[in-house]
Structures are given as C-alpha cells and as structure tokens.
Amino acid sequence: MASALARTILARRFHVSASRHALSKFAMPAMSPTMTEGGIASWKKKEGESFAAGDVLLEIETDKATIDVEAQDDGILAKIIAQDGAKNIAVGSPIAIVGEEGDDLSAAEQLAAEAASEKPKTSEQKAPEAPKSQPAPEKKEQKAEASKQETKSELPTGDRIFASPIAKKIALERGIPLAKVKGSGPNGRILREDVEKYQAPATAASAAPAPSPSASLPEYTDIPVTNMRRTIGSRLTQSKQELPHYYLTVDINMDKVLKLREVFNKALAEKDKSAKLSVNDFVLKAVGCALADVPEANSAWLGEVIRQYKKADISVAVATPTGLITPIIKDVGSKGLASISAEGKALAKKARDGKLQPQEYQGGTFTVSNLGMFGISHFTAIINPPQSCILAVGATQATLVPAPEEERGFKVAQIMKVTLSADHRTVDGAVGARWLQAFKGYLENPLTFML
C-alpha cells in the first residue's frame, strides 16, 4: 500500500506535507512538435469542480487552431492560474493547480502564487548582473569631456573669431553670424565649407511644418495580432526570403471537366441532394495523379537530403476569420472524387470553426490554393516550407481559342489558368514543366481518372 502511494506521488510530482494532501501544477501542453507558446481560449471547468478522464478541461489557442485538452485522469481543478483570454503562454508554464478527490485544496492559492512567480524570478535574478562590468562611468566621463569640448568650440560673445577671408566674405553676403559657426580647421578656424554648411536654427524650425488639425491621422482601429496571424507572417516572410521561388503558368481547357462534373452531380443528387462535386475536387484528383507521374515535385528540402514522398497528401488552403490554414487530404491519389469532396468539405468546416486537430493540418507534401471562386483569373502563391511546390488556381473563364476545324476558325472554350510556384533547390524548371503538362493532361481528359 505504501509503495503504491509512493509511486502515485512520484508520477504526479505532487508536493507532500504532513498537513495536506498532494497538489500538482498543470502546465501548458505542447499540442504539436513546433508549438512554443499558446493561449487560453476558455476553461470548460470551474475552480473546485471535479472532472473525469476524457472530460474537456479547456480549449487552447495554438498558432493554427483552437484545440480541446482532455483530462488524462480523474481529479479536481483546484486553482486556475491563466485565465480565459490569456495569450503567449510558454509551453511548460503552469496554468492551473489540480488535485484528487479528498485532497486539501486550501494550499492551492499559495501553490498558484509560487507557480506564477517562477517566471519573474528568472528575470529579477538576471537584472542585477548588469553592474558587474563597470565601463559605464567611463562612458559618462567621456561624454562629459566631449560636451566640454563642444562648449569650448562655441566662442563667447566679444572674443576674436578666426576665419578664412573667403569664409568671412560668404558669411557677410549671406548674413551668417560667424560666432555661431563651428570651425573645422586648425585651432577651430572657420573655413568656407563650414559657412556653406551652416543652417540657421530658425530655418531648421521652419523646415518642419507645425502640426495642424488638417494633418491629423484618420480614424483607425488597432486589431491585436493573433498567434495564428503572427505565425503566418513569420513563416511566409521566411519562405519568400529564403526559398528560390520560380513560377510556371499554363492555360487548361476545362470543357470536359465541366461536362463530366454536371453528369456526376446529377447522379449524386439522386442519392444525396447535399452531395455535389466542385471543380476543386477535380483539381485535387489531378494533382494527386500528376504527382504519381512526376514524383520529384512531391518532395521537401531538408537541408542535407531531399525527401521524396510516396503518397500525395495535399494541403488545401482555407480562409478562416483568424487567418489562412491548410488542412490535409491524405493520399489523394488513391481516393475517388466523392471521397475527396466529402473529406474536403468536412475539413474546411472544422478549419473555419477552429476545431482542427494538429494531425489534420501538420505535414502535407503539396499545397493547392484556389481563388477561382472569387473571380481571380491569375495569381502566384508562396510556398509552404518544407514543401517544394504550391499550385495557384484561378477562375474558369470563357475564352476565344483557335479552332481550325470550325468554319469560323475559332471557338469559345472554358479556360482555367494555373500557376505553379516551385522551389528551385528541389524542383528544376524542366521538372516543374513536366508536372504541369501531366496535370493539364488529366484535366483536359478527366476520364483518365477512372483508369
């Protein structure tokens, strides 16, 4: 019995004393390998409330989504340290005090105070270290000497002024008082250059216009930067600065895709009225097939090696109220259009609700960003490292194209413009071109999906 109790205490890292039972600190968990800090979206349990294994204790806001944190064991939430809305909490920092049924919770307040003061202690200990090195007084003395020298160079009224004849002439013509000009020649002698560079204080003041009510800033609102927005900014800036992007654009005739989509949607409507294939579903399937044909594009730069993936896990860019996120449809090449459509819609809804789990957005081997539904005809996208490629998909638009078989010599076709952004370290231009040709071939002959 005693050994079992000891094991329990060691496992939970409880603080033990003769007067009370065990309490432990509940730290900010790492919800992903790259997570360094997070925020408290909301606590689902109140102080003093008991919970069972599997109950949701709180929602944590990471840089990508809001994630439920479930209890691993039964217990009591004794004290909350980080309240709802707290942000930028480092992983491993205490956010609550927990205990078990029967524990004395009276010490939770003291333990919480100790936990909250742990981080400030480190900064307080580091602060006194500055006075150890004592060059500061010397710098102050140097500054004082420099200021004395500067004041010496300013001549008192009535003293003799040493200036070159040309300097005196220019000063007289321009109305510049030589007593206020600082000389740069030997023994402070005023030279021509000194006079020409002189600027009267009144002129300097007039150069800066006085602020007027008409020059006031327009009304504005400062929007706090979320963890997600901060991560998007830093990662995309790093990608644009460090990755050697290049871009390839091609026009694709979507006539056959649109006709096949219409046929499929009629068949699906008879079984499930809510089921409906989108153009993006065909795009994703074609991406998966093209990556199987040109696996060099399905790769990642890892520094010492180039990792080439065997399956196409496609990251699909989804706009959410808090920023862009890329949920992943796994192994697209092995799935049918209906499965891709259903899975994509479910992931997009979870992304907009902030309910994606880390495994649903971390990873991915290739990214697709589609702005066609907004009428955007063409754009270039930034690569999501360590992936090598991202495909920017524009709108499908009616376009006149040459048609020698037609009497008029032309016809109207539904053309979609796509642009591949590729990392030149892993995907050479010829490889990117081969991939785009394979992708175009699948969309212009969509029945090859079925082969």
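Presented here is an overview of the structure given in this document. All of these numbers come straight from a predicted model, not from anything done at the bench. (Residues numbered from 1 in each chain as written. Predicted model: local features only at pLDDT ≥ 70, side-chain atom pairs only at ≥ 80, totals over all residues. Heavy atoms only, no water.)

## Remarks on the pattern of salt bridges
Scanning the entire structure with this criterion turns up 15 salt bridges. With a closest N to O distance of 3.0 Å, Arg 192 and Glu 196 form a salt bridge. Placement of both Arg 192 and Glu 196 in helix α6 (residues 192-197) is noted, with a separation of four residues, approximately one turn of the helix. Taking relative accessible area as the criterion, Arg 192 reaches 41% and is therefore assigned partly exposed. Given the relative accessible area of 37%, Glu 196 is considered partly exposed. Across the pair Glu 296 and Arg 434 runs a salt bridge, and its minimum N-O distance is 3.9 Å. Of this pair, Glu 296 sits in the loop between α10 (279-293) and β10 (299-301) while Arg 434 is found in helix α13 (residues 429-444), placing the two residues 138 residues apart along the sequence. Take Arg 434: its relative accessible area is 41%, and that puts it in the partly exposed class. Among the ionic contacts, a cluster of salt bridges with common partners joins Lys 44, Glu 59 and Lys 355. (Salt bridge = Lys/Arg side-chain N within 4 Å of Asp/Glu carboxyl O. Helix = DSSP H or I, 4+ residues; strand = E, 2+ residues; numbered from the N terminus. Buried < 20%, exposed > 50% of the residue type's maximum accessible area, 1.4 Å probe, protein only.)

## Looking at the packing of aromatic side chains
Per the stated rule, a full pass over the model turns up four aromatic pairs. Chaining the aromatic ring pairs together yields one cluster made of Phe 282, Tyr 442 and Phe 449. (Phe/Tyr/Trp six-rings, centres within 6.5 Å; stacked < 30°, edge-to-face > 60°.)

## A few points about the sheet that holds strand β4 (residues 56-61)
The strand order across the open sheet built from four strands is β5-β4-β2-β7, with neighbouring strands paired in antiparallel fashion. In the strand order of this sheet, the two ends are held by β5 (66-70) and β7 (89-90), each with one partner. (Pairing = 2+ DSSP bridges.)

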